[in-house]
Amino acid sequence: MYSSILTASRRHPGHLIDILQQIQSMDGYLSNQAMLKVAGFLDMSSAAVWGVATFYNQFRFTPPARKPVRVCMGTACHLAGGQLVLEAMARELKIEVGGTSEDREFSLERVACIGCCALAPVVTMKDKVYPRMTPPGVEEVLVGIKAESEAEA
Ligand code: FES
């Protein structure tokens, strides 16, 4: 497991973040098992690996949802009502920001500027961008997406 990442040239604590990034890129998140493996590989305590991983908010510790929802909270989106969109999304999905639905269909995150400020406030789901979102727009988008999911099932 992770033999392409845990190579001899990386066997130094200075490579910890790089290793964690690559594992997250491969698995979509950092499992306890992965962090124990990294701790053993770098001869560090699991508490030290956990401490570093949780310090950076780029790492996630639960498997990603099939439909990750990201609400931009960069300056332009925030000024255009991003917080209300985020709250509406949390309400409609019935999950907290940073959470994942029990069926792992949706997760909800707030993210920094995603580079399309002219379309603020912006939401992304998987690779699709939803521009100029509003709280009522959130409900419309989710009704459509849930209908698509049911059609696929
Ligand atoms: S601030 Fe949201 S896309 Fe730039």
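This one's a predicted model, so the numbers in the text were calculated from it and none came from an experiment.

Some words on the pairing of strand 1 (residues 67-72)
Line of reasoning, step 1. Most of strand 1 is tucked away, with five of its six residues classed as buried.
Line of reasoning, step 2. Sheet topology note: the strand 1/strand 3 (residues 123-125) ladder contains three bridges and is antiparallel. Of the residues in strand 3, the one forming a bridge with Val-69 is Met-125.

Considerations on the packing of helix 5 (residues 82-93) against helix 6 (residues 135-152)
Line of reasoning, step 1. Packing of helix 5 against helix 6 brings their axes to within 9 Å, and their N-to-C directions diverge by 40 degrees. Considered as vectors, helix 5 and helix 6 are oriented oblique to each other. Both helix 5 and helix 6 take part in a crossing whose hand is right-handed. Facing helix 5, whose interface residues are Leu-84, Val-85, Ala-88, Met-89, Glu-92 and Leu-93, helix 6 presents Pro-135, Val-138, Glu-139, Leu-142 and Lys-146.
Line of reasoning, step 2. Of the residues contributing to the contact of helix 5 with helix 6, the split by class is eight nonpolar, no polar and three charged.

Here we look at the layout of surface pockets
Using a probe with the size of a water molecule, rolled over the atoms, empty space left in the structure can be pinpointed.
Line of reasoning, step 1. In this model, the largest pocket occupies a volume close to 450 Å³.
Line of reasoning, step 2. Lining the largest pocket are 20 residues, and of these Asn-57, Gln-58, Arg-60, Arg-70 and Glu-109 sit closest to its centre.
Line of reasoning, step 3. Listed by contribution, the elements that provide at least two residues to the lining of the largest pocket are strand 1 and strand 2 (106-111).
Line of reasoning, step 4. Among the elements that line the lining of the largest pocket, the one with the most residues is strand 2, at five residues.
Line of reasoning, step 5. Taken together, the residues of the lining of the largest pocket sort by class into seven nonpolar, nine polar and four charged.

Structural notes on helix 6
Line of reasoning, step 1. The end-to-end C-alpha distance of helix 6, which contains 18 residues, comes to 26 Å, matching closely the 26 Å that a straight helix rising 1.5 Å per residue would cover.
Line of reasoning, step 2. All of the buried residues in helix 6 are Gly-137, Val-138, Val-141, Leu-142, Ile-145 and Ser-149. Considered in projection along helix 6, the buried side chains sweep an arc of 125 degrees and stay on one side of the axis. Exposed and facing more than 90 degrees away from the buried side of helix 6 are Pro-136, Glu-140, Val-143, Glu-150 and Ala-151.
Line of reasoning, step 3. In this structure, the buried residues of helix 6 make contact with strand 1, helix 5, strand 2, strand 3 and strand 4 (128-130).

Observations concerning the packing of aromatic side chains
Line of reasoning, step 1. Under the criterion given, the structure shown has two aromatic pairs.
Line of reasoning, step 2. Ring centres 5.0 Å apart and planes at 50 degrees place the aromatic pair Trp-50 and Phe-61 in the tilted group. Of this pair, Trp-50 sits in helix 3 (residues 46-55) while Phe-61 sits in the loop between helix 3 and strand 1, placing them eleven residues apart in sequence.

Considering the nonpolar core
Line of reasoning, step 1. Core analysis: the largest hydrophobic core is formed by 20 residues, its most contacted members being Val-69, Val-71, Met-89, Phe-106, Leu-108 and Val-123.
Line of reasoning, step 2. Contributing elements (two or more residues each) for this core: strand 1, helix 5, strand 2, strand 3 and helix 6.
Line of reasoning, step 3. In terms of residue count, the dominant contributor to this core is helix 5 (six residues).
Line of reasoning, step 4. Those residues in contact with Phe-106 that lie beyond four places of it in its chain are Ala-65, Lys-67, Val-69, Leu-93, Ile-95, Gly-99, Thr-100, Ser-101, Met-125, Leu-142, Ile-145 and Lys-146.
Line of reasoning, step 5. Counting 17 residues, the second-largest nonpolar core is a separate cluster that includes Leu-16, Ile-23, Met-35 and Val-38.

Thresholds, definitions, all that
Residues numbered from 1 in each chain as written. Predicted model: local features only at pLDDT ≥ 70, side-chain atom pairs only at ≥ 80, totals over all residues. Heavy atoms only, no water. Buried < 20%, exposed > 50% of the residue type's maximum accessible area, 1.4 Å probe, protein only. Helix = DSSP H or I, 4+ residues; strand = E, 2+ residues; numbered from the N terminus. Pairing = 2+ DSSP bridges. Axes fitted to C-alpha atoms, helices over the stretch in contact; angles between N-to-C directions. Parallel < 35°, antiparallel > 145°, perpendicular 65-115°, else oblique. Left-handed = near helix turned anticlockwise from the far one by under 90°. Contact = heavy atoms within 4.5 Å. Nonpolar A, V, L, I, M, F, W, Y, C, P; charged D, E, K, R; others polar. 1 Å grid on protein atoms, 1.4 Å probe; cavity = no way out; pocket = protein on both sides within 12 Å on 5 of 7 lines; lining within 4 Å. Points joined across faces, edges and corners; volume = space filled by probe spheres on them. Expected span 1.5 Å × (residues − 1). Arc of directions from axis to C-beta. Phe/Tyr/Trp six-rings, centres within 6.5 Å; stacked < 30°, edge-to-face > 60°. Core = buried A, V, L, I, M, F, W, Y, C linked by side-chain atoms within 4.5 Å.

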